[in-house]
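Read off the chains here:
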Amino acid sequence: MLLAGELYINGEWKKSKSGQTIEITSPYLYEPIGNVQAITQKEVDEAIDFAQAAQKEWAQTSLQQRASHLYKWADALLANQEKIATVIMHEVGKSLKDAKSEVTRTADFIRYTVEEALHMHGESMRGDSFPGGSKSKVAIVERVPLGVVLAISPFNYPVNLAASKLAPALIAGNAVIFKPATQGALSGTKMIEALHQAGFPKGLVNLVTGKGSVIGDYLVEHKGINMISFTGGTDTGLHLAKKSAMVPLVLELGGKDPGIVRQDADLQEAAKQIISGAFSYSGQRCTAIKRVLVHESVADELVALLKGEIEQLVVGSPENGSTIVPLIDDKSANFVQGLIDDAVNKGAVVVTGNQRKQNLIHPTLLDHVTEEMRLAWEEPFGPALPIIRVSSDEQVIAIANASEFGLQASIFTKDIDKAFAIANQIEAGAVQINGRTERGPDHFPFIGTKGSGMGAQGIRKSIESMTREKVTVLNLAL
Ligand code: G3H
């Protein structure tokens, strides 16, 4: 059955006056599964007007009132977990098990966000701690909402990475304009259906779907938007940063996370972590391990272990619980294949993989990758993992930091002092010691540097980024 996505504006589901829709095709069923509305700019204006009006009242409600709506939303997501997960699977080709965990993780995220906000308090300051100041001045410093938050989510976590913007925005007293990636918009719609059941005030959350060429820049430059939270590709993030003027911005972009394997690492454990880090959901994660920098003295052994692990990965349809699933579209698969071909043409050795059927790329391990090859630097967002052999920690740090990206890095070693010494010099938002690169647990700060983003996410950080401090000063007659 085809899913007919609708806009959600002022608490009502409606078709766009444009009369146009965008067809959504499943990346593995290879057939249309539904469509979403192509909104007009005028309808975007209306959605933002409704959001502005609703936000003013919402900001006046108590935290406990807001919390009760968010808890109901989390409950509704779980009550509809199977249905939502099935849409995620059909739309973005994620296994049902992973899609279900995405829904559970989202409900957990929403609840933790509420609890964090309930325990965030402002501060007060007396004037007399500054030279010449007086005890009669008391500053009350509180966090206040920013207004209307534009939340733009990517295809790979169409529910979780949407809710991880909506939940902190809402609990903090903001309204939201939610623009999902088009491939992912049906899943996003299901998430909003659950939110609708939670009885939030009309107009507080509005779902807009449409063509990037019509509404992309229009939304970002819109005077009614007070904050933008974006997850997606680095090129789009850069464009967005140029277009948005004087609007607070949080960007979570791409990565080229290195898995660094020292000569003293537990190689079996490192191999397991690297495989899980690199190949879950076919590597379509910003935090995937996207290159291995291994000491030459243990490289042969590690490569053999990785090959053994890769050959056990289930490849195929997400309906069979496969780890390696067809990529989101043919264009993405062509890009990954181009990176593999470039490396092979320049002398990289295919250890396993390099097989392709349409947009399904088998997990591919390439050894003896050098700095001249594109795969050493570019982000595949697919199942192609380069092995770069190194001879020292200094070389590891130099290659790790030569990347345009700086999301995360993993260091595998039994020498905790060395691990810290290397971690201190790696230019990344987070360094994992003896573990795979990943965003969670979701209350940890999640940060990208360089081409990987700006600002910070993670539950508390997201609430902070969607609020600002406001100071009220009491001048007492003491
Ligand atoms: O794709 C970007 C996500 O933030 C990665 O999240 O590490 O939980 O897969 P994850």
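Residues numbered from 1 in each chain as written. Predicted model: local features only at pLDDT ≥ 70, side-chain atom pairs only at ≥ 80, totals over all residues. Heavy atoms only, no water.

A. Spatial organisation of the sheet that holds strand 22 (residues 430-433). Pairing is mixed across the open sheet formed by 7 strands, whose spatial order is 15-18-19-14-13-21-22. Each edge of the open sheet carries a strand with a single partner, namely strand 15 (349-352) and strand 22. The sheet shows a mean angle of 25° between the axes of neighbouring strands, taken without regard to direction. One ladder, built from 3 bridges, connects strand 15 with strand 18 (residues 364-367); its direction is antiparallel. Across the sheet, residue Thr352 finds its bridge partner in strand 18, namely Leu365. (Pairing = 2+ DSSP bridges. Helix = DSSP H or I, 4+ residues; strand = E, 2+ residues; numbered from the N terminus. Axes fitted to C-alpha atoms, helices over the stretch in contact; angles between N-to-C directions.)

B. Representation of unusual backbone geometry in the model. That bond from Gly440 to Pro441 is cis: its omega, -5°, falls within 30 degrees of zero. With respect to the helices and strands, Pro441 occurs in the loop between strand 22 and strand 23 (446-447). With a phi close to 60°, Met246 is a non-glycine residue in the positive phi region. Note on placement: Met246 falls in the loop between helix 8 (234-243) and strand 12 (249-252). The class of Met246 is exposed, set by a relative accessible area of 86%. A positive phi angle is found at His368, which is not glycine, with a value near 55°. Relative to the elements of secondary structure, His368 occurs in the loop between strand 18 and strand 19 (384-390). (Buried < 20%, exposed > 50% of the residue type's maximum accessible area, 1.4 Å probe, protein only.)

C. Quick peek at the packing of aromatic side chains. Considering all chains together, one arrives at 4 aromatic pairs under this definition. With a centroid separation of 5.7 Å and an interplanar angle of 55°, the aromatic rings of Trp58 and Phe200 are classed as tilted. Remark: Phe200 occurs in the loop between helix 6 (185-197) and strand 10 (205-207) and Trp58 occurs in helix 1 (residues 41-60); sequence separation between them is 142 residues. Judged by its relative accessible area of 9%, Phe200 is buried. Aromatic pair Phe155 and Phe381: ring centres 6.1 Å apart, planes at 75°, arrangement edge-to-face. (Phe/Tyr/Trp six-rings, centres within 6.5 Å; stacked < 30°, edge-to-face > 60°.)

D. Structural context of the pairing of strand 14 (residues 289-295). By the criterion of burial, strand 14 is predominantly enclosed, with 7 of the 7 residues buried. Note: strand 13 (residues 257-261) against strand 14, 5 bridges, orientation parallel. Each bridged residue has a counterpart across the sheet, and for Gly259 the counterpart in strand 14 is Val292. Running through helix 9 (residues 267-279), the crossover from strand 13 to the neighbouring parallel element strand 14 is right-handed. Across 4 bridges, the pairing between strand 14 and strand 19 is parallel. Counterpart to Val294 in the pairing with strand 19 is Arg389. (Right-handed = clockwise from strand over helix to strand, strands pointing away.)

E. Inspection of the nonpolar core at higher detail. Counting 77 residues, the largest nonpolar core has Trp73, Leu166, Leu170, Ile177 and Met191 as the members making the most contacts within it. Among the domains, domain 1 (3-253 + 453-472) and domain 2 (257-441) are the pair contributing at least three residues each to this core. Non-local contacts of Leu170, meaning those with residues more than four positions away in its chain, are made with Trp58, Arg66, Leu70, Trp73, Val176, Leu195, Phe200, Leu204 and Val205. With 29 residues, the next largest nonpolar core counts Ile260, Ala376, Ala400 and Ala428 among its residues. (Core = buried A, V, L, I, M, F, W, Y, C linked by side-chain atoms within 4.5 Å. Domains from an automatic or database assignment. Contact = heavy atoms within 4.5 Å.)

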